[in-house]
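Each chain, letter by letter, is given below.
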Amino acid sequence: MKFVPSWLNRLASPQHFFIDIKPWIMWLYVLGTIGLLVGSVWGLAFVPPERYQGDSFRILYVHAPIAHLAQLIYISIAIAGVVHLVWKLKMADVYMSAAAPVGCWLTALALVSGMIWGMPTWGTAWVWDARIVSTLILFFLYFGLIVLRRVIPNPARAATALSILAIVGAINVPIIKFSVEWFNTLHQPASIELFGDVSIDRVFLVPLFINIASISVLSAGIILAYMRYLVVERNASMTWIQEWSRGKNQ
Amino acid sequence: MMELLTMDGHGIYVWSAYILTTFVLLALGSYPFIRLSRLKQRYDEDNELN
Amino acid sequence: MRFWAFYRRELLIEFRSGVESFIPVVFFLLVVGTFAFTLHSVFTGDSRVLVSVIWITTLFTSVLSLDKLFKRDHADGTLAVAVLHRDAITTTVVTKLIAHWSVTGIPITILGPTVGLLSGLQIDHALMLGFTLLIGTPTITMLGALVTALLVGLGRGGELLTVLILPLYIPTLLFGISVCHLHIESASYTSELLWCFALLTGSTTAIPLALGPVLKMSQDS
């Protein structure tokens, strides 16, 4: 394992993870929150209204980063699944268990904020548009992961089952996106485009990128915090956890 | 200032989306810490019993 | 030789259970019949609806029959013995799946277009429906078997299985329906059909290899 940096190797052990990761969580939370505030205030107050949608396009700055991240987290869960199956790393399993609920909530949030955006722009909250349908299916995939984790009592088996379902799901995600898109173009040729053929001006893009970066940072913090909680819960019998709870170390 | 709130009649949609997002992110962000402190409390009680 | 012995055994067990083995077929007819009766006026205007209904009912029938795929073998210990043979487990499982497909997939492949014909589908459209079902049902069986294997011995099935499997079935369903719809509209359907074949080859080659370890894990715990 020479090619693995020593700090990464250290994080693979629950005890070291628990101690080392604590300051990082705080920094990720602070950085993400500040970035989100900057990006959102910029997007809400300083960007001119969009030509076709007026002011309602400002929902883009929360909707798009969250929808983007929801997909990213699912792929990352599948990668953790591969890591778990190949190297049997305990932390990969902890990551999957922590990231699935976060991803599920973000997907739900992306769907609801999209519905709110749909009301003024499309005149209806729900359209059976390709992107919406694939996000909805992504939500069901996340839900399946969470439920599967809950119904298997043996932790080792649950982790392996979760890895396999996540990998199969992740292989399916692009195919689902593709098939839904293809199927939809068959039936409604007039698909709704976000900005038409107008290229997006840089003025609109800067706050979007700030928000995408910040929400990624914040979610990383949230997932790490959740992982830290799971580490404590799953290693309750270990002496270092008992020492922690007696306050001997942080 | 008023313009920022109403946004040409789109304000209600824009602001409800932002408020909802803030609410969910706050809940998601604080949840692990609430669970962790409850867990610590429980361990502490167990330790006192022993 | 071993393959045929296994295959015969699986089919024998299936048919010895008598009237029970007809449940999936009756379920299929019942659901399609209910739709056909209640949506009759829509069907006569647009046969695409009928095709979609038959395809969707196929998925539900598949989930229903998957429930019992490994149940009996797990209960009587056959599975525990089978996973001990590292090399034989893949052959055993593949045989089992082929047998399962013979008693669920093939009847539906025949029944689907027949019901379609009786409800007013044109003969070439019905043949195309049968063809897409023929190459779609093995994919459905494979994906379903993988998820069922994850849940062996948990005493959970039914709606949990449905929630886990249905999202994974979406591509197979959409491409299968697309081919039929495009054929009905006399449009070109080559690329969609190629996608159906891609899903078929992908699932039938990769999933049997994964099934052995997954089943072994279910017996370990």
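Structural data are supplied above this passage.
How each quantity is defined
- Residues numbered from 1 in each chain as written.
- Chains lettered and ligands numbered in written order.
- Predicted model: local features only at pLDDT ≥ 70, side-chain atom pairs only at ≥ 80, totals over all residues.
- Heavy atoms only, no water.
- Helix = DSSP H or I, 4+ residues; strand = E, 2+ residues; numbered from the N terminus.
- Rg over C-alpha atoms; globule rule 2.2 N^0.38 Å.
- Disulfide = S-S within 2.5 Å.
- Contact = heavy atoms within 4.5 Å.
- Expected span 1.5 Å × (residues − 1).
- Bend = angle between axes of the 7 residues up to and from the residue.
- Buried area = accessible area lost by both parts, 1.4 Å probe.
- Salt bridge = Lys/Arg side-chain N within 4 Å of Asp/Glu carboxyl O.
- Polar contact = N/O pair within 3.5 Å; in protein donor to acceptor, adjacent residues only side chain to side chain.
- Axes fitted to C-alpha atoms, helices over the stretch in contact; angles between N-to-C directions.
- Parallel < 35°, antiparallel > 145°, perpendicular 65-115°, else oblique.
- Left-handed = near helix turned anticlockwise from the far one by under 90°.
- Nonpolar A, V, L, I, M, F, W, Y, C, P; charged D, E, K, R; others polar.
- 1 Å grid on protein atoms, 1.4 Å probe; cavity = no way out; pocket = protein on both sides within 12 Å on 5 of 7 lines; lining within 4 Å.
- Points joined across faces, edges and corners; volume = space filled by probe spheres on them.

Attention now moves to the overall build of chain C. For chain C, the count of helices and strands is 10 helices and zero strands. In chain C, the succession of helices and strands from N to C terminus is α-α-α-α-α-α-α-α-α-α. Taken against the 2.2 N^0.38 rule, which gives 17 Å for 221 residues, the C-alpha radius of gyration of chain C at 18 Å falls within 12% of a compact globule. A principal-axis box enclosing the C-alpha atoms of chain C has dimensions of 55 × 35 × 35 Å.

Right, let's talk about the state of the cysteines for a bit. Per the counting criterion, the structure on display carries zero disulfides over all chains. Considering cysteine sulfurs only, Cys180 of chain C is the nearest to Cys196 of chain C, which forms no disulfide, with 8.3 Å between them.

This part covers the arrangement of the chains. The structure contains two pairs of chains in contact, of which chains A and B account for the largest number of contacts. A minimum C-alpha distance of 25 Å separates chain B and chain C, which share no contact.

So, on to helix α7 (residues 88–118) of chain C. All names here are of chain C. With 31 residues, α7 ought to run about 45 Å at 1.5 Å a step, and its terminal C-alpha atoms sit 44 Å apart, in line with that. Of all the bends found along α7, the most pronounced is centred on Ser102 and spans about 40°. Phi turns positive, to about 100°, at Gly120, one or two residues after α7.

Take the interface of chain C and chain A next. Taken together, the 30 residues of chain C in the interface contact 28 residues of chain A. A buried area of about 2500 Å², summed over both sides, lies between chain C and chain A, and 80% of it is on carbon and sulfur atoms. Three residues, Leu150, Leu168 and Met217 of chain C, lead the burial of chain C against chain A; their summed loss comes to 20% of the area buried on that side. Along the contact surface separating chain C from chain A lie zero salt bridges. The tally of links from chain C across to chain A stands at two residue pairs in polar contact (both at pLDDT 80 or more). Listed by contribution, the elements that provide at least two residues to the side of chain C that touches chain A are α8 (123–150), α9 (159–184) and α10 (190–220) of chain C.

A few words on the packing of α9 of chain C against α10 of chain C. All names here are of chain C. For the pair α9 and α10, interaxial distance at closest approach is 9 Å and the crossing angle is 150°. With respect to their mutual orientation, α9 and α10 come out roughly antiparallel. Our pair here, α9 against α10, has a crossing hand that is left-handed. Side by side, α9 and α10 meet where Pro171, Thr172, Phe175, Gly176, Ser178, Val179 and Leu182 of the first sit next to Glu192, Leu193, Trp195, Cys196 and Leu199 of the second.

In this complex, chain B contributes 26 residues to the contact, which on the side of chain A involves 38 residues. Carbon and sulfur atoms supply 78% of the area that chain B and chain A bury against each other, a total of about 2900 Å² over both sides. Here chain B and chain A share zero salt bridges between them. If you look at where chain B meets chain A, you find four residue pairs in polar contact (both at pLDDT 80 or more). Sort the elements by how many residues they give to the side of chain B that touches chain A and helix α2 (residues 11–49) of chain B lands first, with 22 residues. Partitioning the side of chain B that touches chain A into residue classes produces 17 nonpolar, five polar and four charged.

All right, on to empty space enclosed by the protein then. If you walk through the whole model with that rule in mind, you get three cavities of 30 Å³ or more. A volume near 100 Å³ is recorded for the largest cavity. Residue lining of the largest cavity: Thr58, Thr61, Ser62, Ser65, Leu66, His100, Thr104, Gly105, Ile108, Thr137, Ile140 and Thr141 of chain C, and that is the complete set. Only α4 (47–66), α7 and α8 of chain C provide two or more residues apiece to the lining of the largest cavity. Top contributing element to the lining of the largest cavity by residue count: α4 of chain C, with five residues. Looking at the lining of the largest cavity, its residues break down into three nonpolar, nine polar and no charged. Taken as a whole, the second largest cavity encloses approximately 70 Å³ of empty space. In terms of lining residues, the second largest cavity is bounded by Gln71, Ser134, Thr135, Ile137, Leu138, Leu141, Val173, Ile176 and Lys177 of chain A. Those elements that provide at least two residues to the lining of the second largest cavity are α5 (130–151) and α6 (155–187) of chain A. When grouped by side-chain class, the residues that make up the lining of the second largest cavity number five nonpolar, three polar and one charged.

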